[in-house]
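As a plain string of letters, each chain reads:
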Amino acid sequence: MTFQVMHDVRDGLKYLFQTTNDFTMCASGTGHSGMECAFLNLLERGESLLCVTTGLWGRRAESLGQRLGLQTFVVEAPQGEVVSVEEISKAIEQHKPTAMFVCIGESSTGIVQPIQGLSEACKKHNTLLIADTVASIGAEPFKMDEWGVDCVYSATQKVLNAPPGLAPISFSKRAMDKIRNRKTKVASFYFDALELGNYWGCDGQITRYHHTAPISSVYAIRSALSIIANESLEHSWERHKTNVKLLHSLLEENGFECFVQKPENRLACLTVVKVPQGVDGKKVTASLLGKGLEIANGLGESAAKLWRIGTFGGNSDEQKIRNVVKMLKDEVQNPTNKL
Ligand code: PMP
């Protein structure tokens, strides 16, 4: 693989995240490795992390923070709702955390969490803003530089429709200053942003061997990034929004209820639906899978009560959405799927 392929990927990621950050690259691993890379580099044992929680991923961030010996604080939304930027700003004011974590697209609840306006409070208290965009990038607007985000990570298998295996990640200048001034070495060689960044050609130095790049995944993300750039981000954001609105109205017309009540809080690429009373939700998804349609069950304790319908990338398509709702309705009406 020539380094040109990696440089193409870096250019594509800068466009995807809307950033000019030099340290824009991929960690080798799935979305979780993005979270680990972000926390391991930006935080040292004993420092603090504020987790904005709208579902499972805020709790996962808290748990990782605790594993890393961080002091963790949580600001949690009521079920199916977002945390307001004012509330988050207040929590920053109160705790003055070293970093804060926000999941933009909460795939367990189908929430889109707004972050515009947060960077002011973050800068005032020297807090680094970390955003998880695994389940939202490419479908929901995201502007790293304009919104003052210090670290963003994502994954390849959602809106990009590439195979899982890489975690795109970008660090702001403020984030890199923090990393360069650490008192202790990053506890992981594999996820060390300075080492990884050198390997990806981010530091302008001669590149050193760091690890063996999963080259098939690098070629795959390069193709995926070229597809989204050809469509344009603005068009992709609009397409996801228009198609998810169609999905919501078809679901409601057919007697289903969305988990997230307020339409403005619903994610454009993943919709969480309540399993109707008297229906065996898992039987329905198993039967649909047999027919070639995968709808996910809820995550965690809500597994049997919710369905999650992904409209990521190529699946954000009018005809596919119409088929999904029709097939789901047929299954619900089938007596063998009753409780
Ligand atoms: N964050 C979010 C919002 C996710 O939806 C996921 C995966 N579902 C992850 C992180 C973790 O990604 P992975 O499963 O690729 O490790």
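It should be emphasised that the depicted structure is a prediction, and the values quoted were computed from it without experimental measurement.

**Considerations on the overall build of the chain**
Right, on to step 1. From N to C terminus, the chain includes 12 helices and 13 strands.
Right, on to step 2. For the chain, whose C-alpha radius of gyration is 20 Å, the value lies close to the compact-globule estimate of 20 Å for 339 residues.
Right, on to step 3. Here the C-alpha coordinates of the chain stretch approximately 65 × 50 × 30 Å along the principal axes.
Right, on to step 4. Burial statistics for the chain: of 339 residues in total, 58% are counted as buried.
Right, on to step 5. Long-range pairs, those at least 24 residues apart, make up 70% of the contacts in the chain between residues at least 6 apart in sequence.
Right, on to step 6. Working note: accessible area of the chain is about 14,900 Å², and carbon and sulfur atoms make up 51% of it.
Right, on to step 7. When the 37 basic and 37 acidic side-chain charges of the chain are each reduced to a single mean position, those positions are 3 Å apart.

**Re the UniProt feature "modified residue: N6-(pyridoxal phosphate)lysine" (unreviewed entry) in the chain**
Right, on to step 1. UniProt feature "modified residue: N6-(pyridoxal phosphate)lysine" (unreviewed entry): in the numbering of this structure it lies at Lys158.
Right, on to step 2. With respect to the element layout, Lys158 can be found in the loop between β8 (151-153) and β9 (166-171).
Right, on to step 3. Ignoring sequence-local partners within four residues, the contact set of Lys158 consists of Val134, Ala135 and Phe312.

**Digging into the site of the ligand**
Right, on to step 1. Every residue close to the ligand is listed here: Thr30, Gly31, His32, Trp57, Cys103, Gly105, Ser107, Asp132, Val134, Ala135, Gln157 and Lys158.
Right, on to step 2. Residue His32 places a side-chain N or O atom 2.7 Å away from an oxygen atom belonging to the ligand.
Right, on to step 3. The separation between an oxygen atom of the ligand and a polar side-chain atom of Ser107 is 2.6 Å.
Right, on to step 4. For the ligand, whose accessible area on its own is 390 Å², the fraction buried by protein is 86%.
Right, on to step 5. Grouping the amino acids of the shell around the ligand by side-chain chemistry returns 4 nonpolar, 6 polar and 2 charged.

**A look at the UniProt feature "domain: Aminotransferase class V" (unreviewed entry) in the chain**
Right, on to step 1. Feature annotation in UniProt places "domain: Aminotransferase class V" (unreviewed entry) on residues 4-298, given in this structure's numbering.
Right, on to step 2. With 42% helix and 17% strand, the stretch residues 4-298 has end C-alpha atoms that lie 41 Å from each other.

**Notes on the packing of aromatic side chains**
Right, on to step 1. Evaluated as defined, the whole model comprises 5 aromatic pairs.
Right, on to step 2. Here Phe39 and Phe101 contribute two aromatic rings whose centre-to-centre distance is 6.0 Å and whose plane-to-plane angle is 85°, an arrangement assigned as edge-to-face. Taken together, the positions of Phe39 in helix α2 (residues 31-42) and Phe101 in strand β4 (residues 99-103) put the pair 62 residues apart, joining distant regions of the chain.
Right, on to step 3. Residue class for Phe39 comes out buried when judged on its relative accessible area of 0%.
Right, on to step 4. Owing to a relative accessible area of 0%, Phe101 belongs among the buried residues under this scheme.
Right, on to step 5. Here Tyr190 and Phe191 contribute two aromatic rings whose centre-to-centre distance is 5.3 Å and whose plane-to-plane angle is 65°, an arrangement assigned as edge-to-face.
Right, on to step 6. With relative accessibility at 36%, the residue Tyr190 sits in the partly exposed group.

**What to know about the state of the cysteines**
Right, on to step 1. A complete count under the given rule lists 0 disulfides for this structure.
Right, on to step 2. Take Cys269: it sits in no disulfide, and the sulfur closest to it among the cysteines is that of Cys103, at 10 Å.

**Observations regarding the pattern of salt bridges**
Right, on to step 1. If you walk through the whole model with that rule in mind, you get 13 salt bridges.
Right, on to step 2. The salt bridge involving Asp330 is made with Lys326; its shortest N-O contact spans 3.1 Å. Here Lys326 and Asp330 lie together in helix α12 (residues 318-333), a separation of 4 residues that amounts to about one turn.

**Digging into the domain arrangement of the chain**
Right, on to step 1. Looking at the assigned domains, one finds that the chain contains domain 1 (3-231) and domain 2 (233-337).
Right, on to step 2. Centre-to-centre, using C-alpha coordinates, domain 1 lies 28 Å away from domain 2.
Right, on to step 3. Domain 1 puts 30 residues into the contact, and the matching count from domain 2 is 23 residues.
Right, on to step 4. Buried surface at the junction of domain 1 and domain 2, summed over both partners, amounts to about 2,200 Å²; 60% is from carbon and sulfur atoms.
Right, on to step 5. For domain 1, the biggest contributors to the area lost against domain 2 are Gly110, Ala139 and Glu231; these three give 23% of the whole.
Right, on to step 6. Counting across the interface, domain 1 meets domain 2 through 2 salt bridges.
Right, on to step 7. Ionic pairing is found between Arg239 and Glu231, a salt bridge with its closest N-O pair at 2.8 Å.
Right, on to step 8. Our enumeration of links across domain 1 and domain 2 arrives at 11 residue pairs in polar contact (both at pLDDT 80 or more).
Right, on to step 9. Elements with a minimum of two residues in the side of domain 1 that touches domain 2: α1 (3-17), α3 (56-67), β5 (105-106), β6 (111-112) and α9 (215-231).
Right, on to step 10. Among the residues making up the side of domain 1 that touches domain 2, the classes are represented as 13 nonpolar, 11 polar and 6 charged.

**Description of helix α11 (residues 281-290)**
Given 3.6 residues per helical turn, the α-helix brings residues three or four places apart onto the same face.
Right, on to step 1. Residues Gly281, Val284, Thr285 and Leu288 constitute the buried set of α11. Down the axis of α11, the sector holding all buried residues measures 95°, keeping them to one side. Summarising the geometry of α11, the exposed residues directed more than 90 degrees from the buried face are Ala286 and Gly290.
Right, on to step 2. Against the buried residues of α11 lie β12 (296-297), β13 (306-310) and α12.
Right, on to step 3. Between the side-chain oxygen of the N-cap and the backbone nitrogen of Lys282 there are 3.2 Å, and the N-cap of α11 in question is Asp280.
Right, on to step 4. Where α11 terminates, the next one or two residues include Gly292, which has phi positive at roughly 90°.

Conventions we followed
Residues numbered from 1 in each chain as written. Predicted model: local features only at pLDDT ≥ 70, side-chain atom pairs only at ≥ 80, totals over all residues. Heavy atoms only, no water. Helix = DSSP H or I, 4+ residues; strand = E, 2+ residues; numbered from the N terminus. Rg over C-alpha atoms; globule rule 2.2 N^0.38 Å. Buried < 20%, exposed > 50% of the residue type's maximum accessible area, 1.4 Å probe, protein only. Contact = heavy atoms within 4.5 Å. Areas by Shrake-Rupley, 256 points an atom, 1.4 Å probe, with all protein chains shown as cover. Lys, Arg positive; Asp, Glu negative; His and termini not counted. Charge placed at Lys NZ, Arg CZ, Asp CG, Glu CD. UniProt positions renumbered as here; feature names shortened; annotations may be inferred. Near = heavy atom within 4 Å. Polar contact = N/O pair within 3.5 Å; in protein donor to acceptor, adjacent residues only side chain to side chain. Nonpolar A, V, L, I, M, F, W, Y, C, P; charged D, E, K, R; others polar. Phe/Tyr/Trp six-rings, centres within 6.5 Å; stacked < 30°, edge-to-face > 60°. Disulfide = S-S within 2.5 Å. Salt bridge = Lys/Arg side-chain N within 4 Å of Asp/Glu carboxyl O. Domains from an automatic or database assignment. Buried area = accessible area lost by both parts, 1.4 Å probe. Arc of directions from axis to C-beta.

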